[in-house]
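# Examination of the molecular architecture
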Amino acid sequence: MRNYIIKRILLLIPILFIVALIAFFITNLMPGDPVRVILGNMAAEAEIVRVKASLGLDQPLIVRFFKWLANIVRGNFGDSLYLNAPVSQVLAERIRPTFLIAVFAEVFGITAGLLLGILAAVKHRKFLDQFSITISLFGISIPSFWLALILMYIFSVRLGWFPVSGYEPFAEAGLGTFKYIVLPAFTLAFMQAGLIARMTRSAMLDTLKHDYIRTAKSKGLSTYSIVFKHALKNSMLPIITVIGHNFAVLLGGTWIVETIFVIPGTGFMAINAIMRRDIPVIQASIIFVALIYVVLNLLVDLSYAFLNPKIRYQ
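These figures come from a predicted structure and were not determined experimentally. (Residues numbered from 1 in each chain as written. Predicted model: local features only at pLDDT ≥ 70, side-chain atom pairs only at ≥ 80, totals over all residues. Heavy atoms only, no water.)

### Thoughts on the overall build of the protein
Helix and strand counts for the protein stand at 15 helices and zero strands. Residues classed as buried in the protein amount to 42% of the 314 residues present. With the model as given, the accessible surface of the protein reaches about 17,300 Å², and the carbon-plus-sulfur share is 68%. (Helix = DSSP H or I, 4+ residues; strand = E, 2+ residues; numbered from the N terminus. Buried < 20%, exposed > 50% of the residue type's maximum accessible area, 1.4 Å probe, protein only. Areas by Shrake-Rupley, 256 points an atom, 1.4 Å probe, with all protein chains shown as cover.)

Following this line, the structure appears as structure tokens:
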């Protein structure tokens, strides 16, 4: 296991290098001049040349790439062109609301998805099975922006239970912070629940057909023991894969939902950076999302060995 972990960690280096290469050249070859965006169309040419030189944008592209790469290896992503702050500091501040929303959405999604999937498998071809399939299809099919607007209208505008938008840090609002993340988290959880329910139902239907399940029933084991200790436990590998992928998506930045609810997370930051052509922030956002994916994929792969003792990594 130790050798496998070392190999996978070493494999992250070329993957992240390729991501960094693509991120750098895509952001620097996009149409438009970030300096003109900063200074405006009426800026004098001499001022544009001065700002480009101060930002290092007057150097050859390949030189800028290797300087930038050397900096990010040391954890320095440069300074935001608009926020006048180090990108690493901006990212550290914006990850907090995104992390809160992602955790709550994943907890809601896993709980609802597992319950719906288990009910559907145990009550196969009955009303609860059809109900579970319908809910999961809604969760997968409904666009997140549409559901966000519907929830905002019902629970914020009509009922007034939650704020329409905005966010207050936990250090300032305490438990009041959670009223700002309930609707965004539930919006995302609805889709997560649909995906997890579909995978749970499929995996458990296959497991419930095995001979050891029939043997457990013939021995008189309780339904709870058969479903949770035997069927669900042996169906967890594909479910864990879906959960890990979903969590990576959420941590990478819930761009649309954060924008609708005006949550200052990593997704909202990335969209604003793209609109402003804040290149350092865009580059850091891309690398951050890639890092989240590769790390969570590694953790999911390692979890297989704990869930199934037959799996051994070399």
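### Focus: the layout of surface pockets
The space that makes up the second largest pocket amounts to roughly 330 Å³. L16, I72, F77, I287 and L291 are, among the 14 residues lining the second largest pocket, the residues nearest its centre. Sorting the residues of the lining of the second largest pocket by element identifies helix 1 (2-29), helix 4 (61-73) and helix 15 (279-307) as the ones contributing at least two each. Here the element with the most residues in the lining of the second largest pocket is helix 1; it accounts for five residues. Within the lining of the second largest pocket, the residues separate by chemical class into 14 nonpolar, no polar and no charged. Looking at the lining of the second largest pocket, you find at least three residues from each of domain 1 (1-87) and domain 2 (95-307). (1 Å grid on protein atoms, 1.4 Å probe; cavity = no way out; pocket = protein on both sides within 12 Å on 5 of 7 lines; lining within 4 Å. Points joined across faces, edges and corners; volume = space filled by probe spheres on them. Nonpolar A, V, L, I, M, F, W, Y, C, P; charged D, E, K, R; others polar. Domains from an automatic or database assignment.)

### Some points on the UniProt feature "transmembrane region" (unreviewed entry) in the protein
In the numbering adopted here, UniProt assigns the feature "transmembrane region" (unreviewed entry) to residues 9-30, 99-122, 134-157, 177-197, 239-261 and 281-307. Split by type, residues 99-122 is 100% helix and 0% strand. Its first and last C-alpha atoms lie 34 Å apart. (UniProt positions renumbered as here; feature names shortened; annotations may be inferred.)

### Regarding unusual backbone geometry
Even without glycine at this site, R125 takes up a positive phi of about 65 degrees. Mapped onto the secondary structure, R125 falls in the loop between helix 5 (87-122) and helix 6 (127-141). Within the chain, V262 stands out as a residue other than glycine whose phi angle is a positive 55 degrees. Relative to the helices and strands, V262 is located in the loop between helix 13 (255-260) and helix 14 (266-276).

### Observations concerning helix 14
When helix 14 is considered as a whole, its buried residues turn out to be T266, G267, F268, M269, A270 and A273. Count one or two residues on from helix 14 and you reach R277, which has phi positive near 60 degrees.

### What to know about the environment of L183
Looking at where L183 falls in the secondary structure, it is placed in helix 9 (residues 178-207). Overall, L183 belongs to the buried group, its relative accessible area being 5%. Along the primary structure L183 and A148 are separated by 35 residues, whereas in three dimensions their C-alpha atoms are 7.4 Å apart. Not counting residues up to four positions away in its chain, the partners in contact with L183 are L151, M152, F155, S156, F162, P163 and F261. (Contact = heavy atoms within 4.5 Å.)

### A few points about the environment of I110
Locating I110 in the fold gives a position in helix 5. Along the sequence, I110 and I239 sit 129 residues apart, while their C-alpha atoms lie 9.6 Å from each other. Not counting the four nearest positions on each side in its chain, I110 is found in contact with I196 and I243.

### Notes on the packing of helix 5 against helix 6
Remark: helix 5 packs on helix 6, axes separated minimally by 7 Å, with the N-to-C direction vectors making an angle of 145 degrees. For the pair helix 5 and helix 6, the sense of crossing is left-handed. Facing L116, G117, L119 and A120 of helix 5, the residues of helix 6 in contact are L128, D129, F131, S132 and I135. (Axes fitted to C-alpha atoms, helices over the stretch in contact; angles between N-to-C directions. Left-handed = near helix turned anticlockwise from the far one by under 90°.)

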